[in-house]
Amino acid sequence: MPDFILDVQGLETTFRTPDGVVHAVNGVSFGLLEGETLGVVGESGCGKSVTMLSVLGLIPSPPGKVEAGKAIFSGQDLLKMSKEDIRHVRGAQIGMVFQDPMTSLNPVLTIGRQLEEPLMLHIGMTKNQARERAAELLSMVGIPNAKDRLNDYPHQYSGGMRQRVMIAMALSCSPQILIADEPTTALDVTIQAQIMDLVKRLRDELGMAIIWITHDLGVVAGLAQRVLVMYGGFIIEEAPVQELYSNPEHPYTIGLLGSLPRVDEKERTKLFSIEGQPPVLYQKPDACPFAPRCKWAMEHCWQENPPLLVVGPEHRAACWVDTRTGRHR
Amino acid sequence: MVTKEMNNDTLLHVDDLKMHFPIHRGVFQRQVGAVRAVDGVSFDVKRGETLGLVGESGCGKSTTGRTILQLYKPTGGSVTFEGTDLVNLKGEQMRQMRRKMQMIFQDPYASLNPRMTVAQLVGEPLMVHNAATGAEINERVAHLLELVNLNPAFATRYPHEFSGGQRQRIGVARALALQPSFIICDEPISALDVSIQAQVVNLLEELQEQFNLTYLFIAHDLSMVRHISDRVAVMYLGVIVELATRDELYAKPLHPYTQALLSAVPIPDPVADAKRKRTILQGDVPSPANPPSGCRFRTRCPIAEAVCAESRPEFREIRPGHFVACFFAERFL
Ligand SMILES: Nc1ncnc2c1ncn2[C@@H]1O[C@H](COP(=O)(O)OP(=O)(O)OP(=O)(O)O)[C@@H](O)[C@H]1O
Ligand SMILES: Nc1ncnc2c1ncn2[C@@H]1O[C@H](COP(=O)(O)OP(=O)(O)O)[C@@H](O)[C@H]1O
Ligand code: SF4
Ligand code: SF4
Ligand SMILES: [Mg+2]
Ligand SMILES: [Mg+2]
């Protein structure tokens, strides 16, 4: 067993809604190595955010409930921690950045104030120390005239700048882990490139581990060392980044990669399309969740949901079939 | 300026089109300025082709599309469709032209009336234009649904009963109802999941072939635009900075903005991605209410010189069919 700084086992999370119980996350297990960047990809609703929110104790309850699992960080189970303790972990040891910075920033407080607060709260800085550090943090994430701009309010910053502030805030207490949930999805591609460039530089300087959630397989290719692919509340494939893109094993991953046009595409070919729809999660499936859309499906797929099976070095896929031969593994 | 002669190949000719939205302030709602959403764009669309229109959020793509269709009255310039000037067209003549030009929208949730059934939604254009009556409408609707790979049995259902991809198909069926020759697709797949995007794009391509449709395909996803377009126009802050055939634009972009934009697109392949040289642009896009003097791109351009602030670079044909608005484009030839 490698030494994971975050070790999640058997995580299950549900939501009670008027239409029934939504099985958002159905037994998810993964580890995060020190200093590594782990990409988490999958389509809308597949459970990426709920997985991370569960780990961080941020699932609204009700309607949500973490039904099972553990998340070991520094020898402690985050899922069993008191509200007070986990808040401290979130502020100081695990930093977070979300898709929409406007909802995570307080519109009536200055940027400076919002940067200073966690520094005083979590690492006991004085007001003056925090002020100075806040200016350092802002210039670290590439905001010009940082000292003056501390007095601005969030609406005075552009979308890209607000996301830089969120990154500065997440990294302010030198966390061991940065969890970023679609942090560039709302941004334009040239601004996204700026943010990715920034994150790579900070990663090299500060050495934190990163969990980067996105639906964009291009973003993950340029950033992550290892990738988890999620579908219908399950991790369905896990591999080092290069291995995943050159040897995808799960039919869903194969389909996703085939359905993407590429900016460096030479010949115009018909896009591969995955027919059908992503699953609705009102039942915990007893079959492979991808079976209704899978062209390799066989009888076993409808009878038993495949666990993650080892398919290569550090490479696991939740599929009964070897797509190269079309036969049962 | 593109002052090419209209020929039989040209379906749509847009010349120096401008759309400024007034900004009003104060108790008397005095006009204090204008958002120059589109500020002098010129291009042709050829019969049967797909012209891609790309650019970042807010650069004026949708406004260009809407102004072409005369959903906004242009502040300046002309739009010529099949040889007819649309800007001064009125009443019945405009109505007749509208049948030939349709639009598909980005948001498949917001663009369909939730209280109408699929049959009503798809049949509405037929009724409004008296293109069919009675039982004929139902027949046409069923046929249209089949065309977009939707089960005609769904005709009595409401939009909320469908997924995003299916709703977008309903939007496509509605746009096809009057057998248009030209469709403006405004980010038709941006709101859809990756695995569903390919379904809709393949459908649009099949329909184009079947009915010899002409598309203006608006998008911010440069990979998808490369896939679907024959020629591509790149917009920045209300102007077109470059226009060329797809192969030429992607292989040899001549405008510094196009170059940066293309280099910023992530490639879903770690090996190819690592090999690429990135141009990271500094700063943000300026406001279209107060655009920079001279070249619109000069505040972020890595090779800007003094002249770029003084005058606006002409949108000129630097090679046959390749237009670019930059003083120094020759450097990249
Ligand atoms: N009705 C309007 N009144 C005032 N300003 C407008 C109006 N419609 C658009 N604008 C402004 O015009 C500019 C261009 O808008 P447009 O919607 O064409 O951008 P876009 O390229 O389609 O962007 P996106 O990708 O975000 O949809 C923006 O600054 C926008 O705020
Ligand atoms: N507050 C909530 N109430 C009910 N269902 C929810 C809630 N939050 C998430 N879900 C459901 O959980 C599933 C996974 O959601 P999420 O993890 O947010 O997906 P994504 O991969 O897009 O981040 C979805 O089916 C979603 O509808
Ligand atoms: S287990 Fe069967 S249905 Fe599921 S992905 Fe593999 S082949 Fe397809
Ligand atoms: S005209 Fe000047 S500022 Fe504009 S793109 Fe060319 S070099 Fe850059
Ligand atoms: Mg999410
Ligand atoms: Mg738009």
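Shown above is the structure to which this text applies.
Residues numbered from 1 in each chain as written. Chains lettered and ligands numbered in written order. Predicted model: local features only at pLDDT ≥ 70, side-chain atom pairs only at ≥ 80, totals over all residues. Heavy atoms only, no water.

Here we take up the overall build of chain A. Secondary structure summary: chain A contains 12 helices and 14 strands in total. Since a compact globule built from 329 residues should have a radius of gyration of about 20 Å, the 21 Å found for chain A is in line with a globular shape. Taking the principal axes of the C-alpha coordinates as reference, chain A spans close to 65 × 50 × 40 Å. When burial is assessed residue by residue, chain A has 53% of its 329 residues classed as buried. Carbon and sulfur atoms make up 51% of the accessible area of chain A, which amounts to about 14,500 Å² in all. (Helix = DSSP H or I, 4+ residues; strand = E, 2+ residues; numbered from the N terminus. Rg over C-alpha atoms; globule rule 2.2 N^0.38 Å. Buried < 20%, exposed > 50% of the residue type's maximum accessible area, 1.4 Å probe, protein only. Areas by Shrake-Rupley, 256 points an atom, 1.4 Å probe, with all protein chains shown as cover.)

Most often, soluble globular proteins have nonpolar side chains that are buried together. Leu176(B), Leu207(B) and Leu222(B) are the most contacted members of the largest nonpolar core, which totals 77 residues. Looking at which element gives the most residues to this core, the answer is helix 6 (residues 194-211) of chain B, with seven residues. Ranked by size, the runner-up nonpolar core spans 40 residues in total, among them Leu119(A), Leu138(A), Met161(A) and Leu178(A). (Core = buried A, V, L, I, M, F, W, Y, C linked by side-chain atoms within 4.5 Å.)

Residue and element names in this part refer to chain B. Taken in spatial order, the eight strands line up as 6-7-8-3-9-10-12-11 in an open sheet, and their pairing is mixed. Either end of the sheet is taken by a strand with one partner, and the two such strands are strand 6 (101-104) and strand 11 (316-319). Averaged over all adjacent pairs, the angle separating strand axes in this sheet is 25°, with direction ignored. Here five bridges tie strand 7 (residues 182-186) to strand 8 (residues 214-219), and the two strands are oriented parallel to one another. (Pairing = 2+ DSSP bridges. Axes fitted to C-alpha atoms, helices over the stretch in contact; angles between N-to-C directions.)

Residue and element names in this part refer to chain A. Bridge count for strand 1 (residues 4-17) against strand 2 (residues 20-33) is 11 bridges, and the pairing is antiparallel. Its bridge partner being in strand 2, arginine 16 is matched across the sheet by valine 21. Hairpin connection of strand 1 to strand 2: two residues between the antiparallel strands.

With 45 residues of chain A in contact, the opposing surface of chain B contributes 44 residues. Buried area between chain A and chain B, both sides added, is near 3,600 Å², and the carbon and sulfur share of it is 56%. Of all residues in chain A, the largest losses of buried area upon contact with chain B belong to Thr190(A), Val263(A) and Arg268(A), amounting jointly to 19% of the total for that side. Here Arg262(A) and Asp269(B) are joined by a salt bridge, their closest N and O atoms 3.5 Å apart. At the junction of chain A with chain B, the criterion picks out 14 residue pairs in polar contact (both at pLDDT 80 or more). Among the secondary structure elements, those contributing two or more residues to the side of chain A that touches chain B are helix 8 (189-206), helix 9 (217-223), helix 10 (241-246) and helix 11 (251-259) of chain A. With eight residues, the top contributor of residues to the side of chain A that touches chain B is helix 8 of chain A. A class-by-class count of the residues in the side of chain A that touches chain B yields 17 nonpolar, 14 polar and 14 charged. (Contact = heavy atoms within 4.5 Å. Buried area = accessible area lost by both parts, 1.4 Å probe. Salt bridge = Lys/Arg side-chain N within 4 Å of Asp/Glu carboxyl O. Polar contact = N/O pair within 3.5 Å; in protein donor to acceptor, adjacent residues only side chain to side chain. Nonpolar A, V, L, I, M, F, W, Y, C, P; charged D, E, K, R; others polar.)

A few words on the pattern of salt bridges. Summed over the entire model, instances satisfying the criterion amount to 35 salt bridges over all chains. Residues Glu67(A) and Arg16(A) are paired through a salt bridge, measuring 2.9 Å at the closest nitrogen-oxygen approach. With a gap of 51 residues between them, Glu67(A) in strand 4 (residues 64-73) and Arg16(A) in strand 1 connect regions that are remote in the sequence. Notably, a salt bridge pairs Arg95(B) with Glu92(B), separated by 3.2 Å at the nearest N-O pair. In this pair, Arg95(B) and Glu92(B) both sit in helix 2 (residues 91-100), three residues apart, roughly one turn of the helix. The partly exposed category is assigned to Arg95(B), whose relative accessible area is 30%. Several salt bridges converge on common partners, so that one network encompasses Glu36(A), Arg226(A), Glu238(A) and Arg316(A).

Right, let's get into the site of ligand 1. Residue and element names in this part refer to chain B. Lining the immediate environment of ligand 1, one finds 13 residues, of which Ser57, Gly58, Lys61, Ser62 and Thr63 sit closest. Lysine 61 is positioned with one of its side-chain polar atoms (N or O) 2.8 Å from an oxygen atom of ligand 1. Computed on the free molecule, ligand 1 has an accessible area of 630 Å², of which 62% lies beneath the protein chains in the complex. Listed by contribution, the elements that provide at least two residues to the shell around ligand 1 are strand 2 (30-46) and helix 1 (61-68). Among the elements that line the shell around ligand 1, the one with the most residues is helix 1, at three residues. (Near = heavy atom within 4 Å.)

Residues and elements named next belong to chain B. Following the sequence through the fold, lysine 18 ends up in strand 1 (residues 10-25). Placed 11 residues apart in sequence, lysine 18 and glutamine 29 show a C-alpha to C-alpha distance of 23 Å. Filtering out sequence-adjacent residues up to four positions away, lysine 18 remains in contact with Val38, Asp39, Gly40, Pro74, Thr75 and Gly76.

In the vicinity of ligand 4, 13 residues are found, and the nearest of them are Cys295(B), Cys301(B), Cys308(B), Cys326(B) and Phe328(B). Of the residues belonging to the shell around ligand 4, the class tally is 11 nonpolar, one polar and one charged.

Residue and element names in this part refer to chain A. What the eight strands build is an open sheet, ordered 6-7-8-3-9-10-12-11; its pairing is mixed. Across the chains shown, the open sheet's two edge strands, defined by having one partner strand only, are strand 6 (94-97) and strand 11 (309-312). Here the average twist between neighbouring strands, direction ignored, is 20°. As paired elements, strand 9 (residues 226-231) and strand 10 (residues 234-240) share six bridges and run antiparallel to each other. The partner of methionine 230 across the bridge, within strand 10, is isoleucine 235. Sheet contacts for helix 11: strand 9 and strand 10; angle to strand 9, the most-contacted strand, approximately 100°.

Turning our eyes to something else, we now look at the packing of helix 3 (residues 118-128) of chain B against helix 4 (residues 134-147) of chain B. A pair of packed helices can be characterised by two numbers: the angle between their axes and the separation between those axes. All names here are of chain B. In contact at an axis separation of 9 Å, helix 3 and helix 4 are set at 115° when each is read in the N-to-C sense. Relative to helix 4, the crossing made by helix 3 is right-handed. Contact residues: Val118, Ala119, Val122, Gly123, Leu126 and Met127 in helix 3; Ile137, Arg140, Val141, Leu144 and Leu145 in helix 4. In terms of residue class, the contact of helix 3 with helix 4 is made up of nine nonpolar, one polar and one charged. (Left-handed = near helix turned anticlockwise from the far one by under 90°.)

Applying the stated criterion to the full structure yields 11 aromatic pairs over all chains. On the basis of an interplanar angle of 85° and a centroid distance of 5.1 Å, the ring pair of Tyr236(B) and Phe297(B) is categorised as edge-to-face. Of this pair, Tyr236(B) sits in strand 9 (residues 231-236) while Phe297(B) sits in the loop between helix 10 (270-275) and helix 11 (306-310), and the two are 61 residues apart along the sequence. The burial state of Tyr236(B) is the same as that of Phe297(B); both residues are buried. In this structure, Lys295(A) is placed above the aromatic ring of Trp296(A), and the distance from its NZ or CZ to the ring centre is 5.0 Å. (Phe/Tyr/Trp six-rings, centres within 6.5 Å; stacked < 30°, edge-to-face > 60°. Lys NZ or Arg CZ within 6 Å of the ring centre and 35° of its normal.)

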